[in-house]
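Fold and geometry: a report
Each chain is listed here by its residues.
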Amino acid sequence: MQGLRWLQMSDDEIADFLGRGGTGVLSFATGSDEPPVSIPVSYGYNADEKLLYYQLSTPEDSRKSDLIDQPVSFVVYGRSDGKWESVIATGTLDDIEDKPYESSAVQGMWAIEIPHVDIFERPRDEVTFHFFSHDPDTLTGRKEVPSRS
């Protein structure tokens, strides 16, 4: 990656990049003497609501349930038109399971598609999932700009 320059992405570029949906890494804050807990997740993005959505498996023996209320960072990256792009969002998750159907968070979730990723040792219909929204406190993106020769 030598010789590459990076530029900040505009809000429209970030929305376009996130709007493709896909996978990223969601990291939960832990105690100051522990590393964050990072997990790969699939996500969707509603540009109208400016909300990220995650469908997280929450088995009873999972540490995730204890971390849901902690601050998070979410990182997604990939190549578009042969150039690297990345977006980082920070903030907290909001469990939308108990929100009224008419709420903007629930309606926003139905307007997007969250990719399904099968990484479980049992059939997907036997896995318990919860839906969360993420209204980022910060949302930044960078894109690669090849250097001039």
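Predicted model, so just to flag it, every value in this text is computed and none were measured. Sequence order as written defines the numbering, with residues in each chain counted from 1. Two thresholds apply to this predicted model, a pLDDT of at least 70 for residue-level local features and 80 or more for giving and counting side-chain atom pairs, whereas whole-chain, interface and lining totals are computed over all residues. As a convention, hydrogens and water are excluded, and side-chain values are obtained from all of the structure's heavy atoms.

1. Section: helix 1 (residues 11–19)
Three labels apply to residues, based on accessible area from a 1.4 Å probe with only protein chains included: buried if under 20% of the type maximum, exposed if over 50%, partly exposed otherwise in between. Here a strand is any run of E in DSSP of at least two residues, a helix any run of H or I of at least four, and the numbering for each starts at the N terminus. For helix 1, the complete set of buried residues consists of Ile-14, Phe-17 and Leu-18. The buried side chains of helix 1 occupy one side of the element, clustering within an arc of 90 degrees when seen end-on. Two residues or fewer after helix 1 comes Gly-21, characterised by a positive phi angle close to 65 degrees. Starting at the helix axis, one direction is taken to each C-beta atom, and the arc is that of these directions.

2. Quick notes on a nonpolar patch on the surface
Nonpolar side chains collect at one region of the surface, where Val-25, Val-75, Tyr-77 and Ile-88 lie side by side and expose about 330 Å² of accessible area between them. The partly exposed category is assigned to Val-25, whose relative accessible area is 33%. Here, patches come from residues exposed beyond 30% relative accessible area and free of salt bridges, joined within 9 Å for like charges and within 5 Å for nonpolar side chains (Val, Leu, Ile, Met, Phe, Trp, Tyr). Only the protein chains shown count as cover for residues, with accessible areas throughout obtained via the Shrake-Rupley method and a probe of 1.4 Å. Here, a salt bridge means any Lys or Arg side-chain nitrogen found within 4 Å of an Asp or Glu carboxyl oxygen.

3. A look at the nonpolar core
Buried Ala, Val, Leu, Ile, Met, Phe, Trp, Tyr and Cys residues that are joined via side-chain atoms within 4.5 Å together make up what is termed a nonpolar core. Counting residues in hydrophobic clusters, the biggest one holds 23 residues, and the most contacted among them are Leu-18, Leu-26, Phe-28, Tyr-54, Leu-56, Phe-74 and Leu-93. Considering every element that reaches this core, the biggest residue donor is strand 3 (residues 37–46), with five residues. Of all hydrophobic cores here, the second largest spans five residues; its members include Leu-51, Tyr-53, Ile-96 and Ile-114.

4. Quick look at the packing of aromatic side chains
Geometry of aromatic contacts follows a simple scheme: Phe, Tyr and Trp rings, the Trp one being its six-membered ring, pair when their centres are within 6.5 Å, and the pair is stacked under 30 degrees between planes, edge-to-face over 60, tilted otherwise. Inspection of the entire model under this criterion finds three aromatic pairs. Ring geometry for Tyr-43 versus Phe-74: centroids 5.1 Å apart, planes at 65 degrees, classification edge-to-face. With Tyr-43 in strand 3 and Phe-74 in strand 5 (residues 72–80), this residue pair connects regions lying 31 residues apart in the sequence. With 6.2 Å between their ring centres and 40 degrees between their planes, Tyr-77 and Trp-84 make a pair best called tilted. Exposure remark for Trp-84: the relative accessible area of 27% places this residue in the partly exposed category. Put simply, the rings of Tyr-43, Tyr-54 and Phe-74 pair up and form one aromatic cluster.

5. A word on the confidence of the model for the chain
The predictor reports its confidence for every residue as pLDDT, a score running from 0 up to 100. Of all residues in the chain, 76% have pLDDT values of 70 or greater, and the mean over the chain is 82. No element of the chain has a lower mean pLDDT than helix 3 (residues 104–110), which averages 69, and none a higher one than strand 6 (residues 83–91), which averages 94.

6. Some details on the side chain of His-134
Of note, His-134 is situated in strand 8 (residues 129–134). In this structure His-134 comes out as buried when scored by relative accessible area, which is 0%. Within the structure, His-134 has its side chain in polar contact with the backbone oxygen of Thr-90 (distance 3.3 Å). Filtering out sequence-adjacent residues up to four positions away, His-134 remains in contact with Lys-50, Leu-51, Leu-52, Tyr-54, Val-72, Phe-74, Ala-89, Thr-90, Gly-91, Thr-92 and Leu-93. Side-chain atoms alone can form a polar contact between residues adjacent in sequence; in general such a contact is a pair of N or O atoms within 3.5 Å, and within protein one must be able to donate a hydrogen while the other accepts it. When checking whether two residues touch, look at their non-hydrogen atoms; a contact exists if any pair is within 4.5 Å.

7. Quick word on the pairing of strand 6
Sheet topology note: the strand 5/strand 6 ladder contains nine bridges and is antiparallel. Counted as the bridge partner of Tyr-77 is Ser-86 from strand 6. Two strands make a pair as long as DSSP finds a minimum of two bridges between them. The antiparallel pairing of strand 5 with strand 6 creates a hairpin that spans two residues between the two strands, and Asp-81 there sits at a positive phi of about 55 degrees.

8. Regarding the pattern of salt bridges
Two side chains that carry opposite charge are able to pair once their charged atoms sit near each other. The full count for this structure, using the stated rule, is three salt bridges. Across the pair Arg-20 and Asp-16 runs a salt bridge, and its minimum N-O distance is 3.1 Å. Counted as one network, the salt bridges with shared partners bring together Asp-16, Arg-20 and Glu-85.

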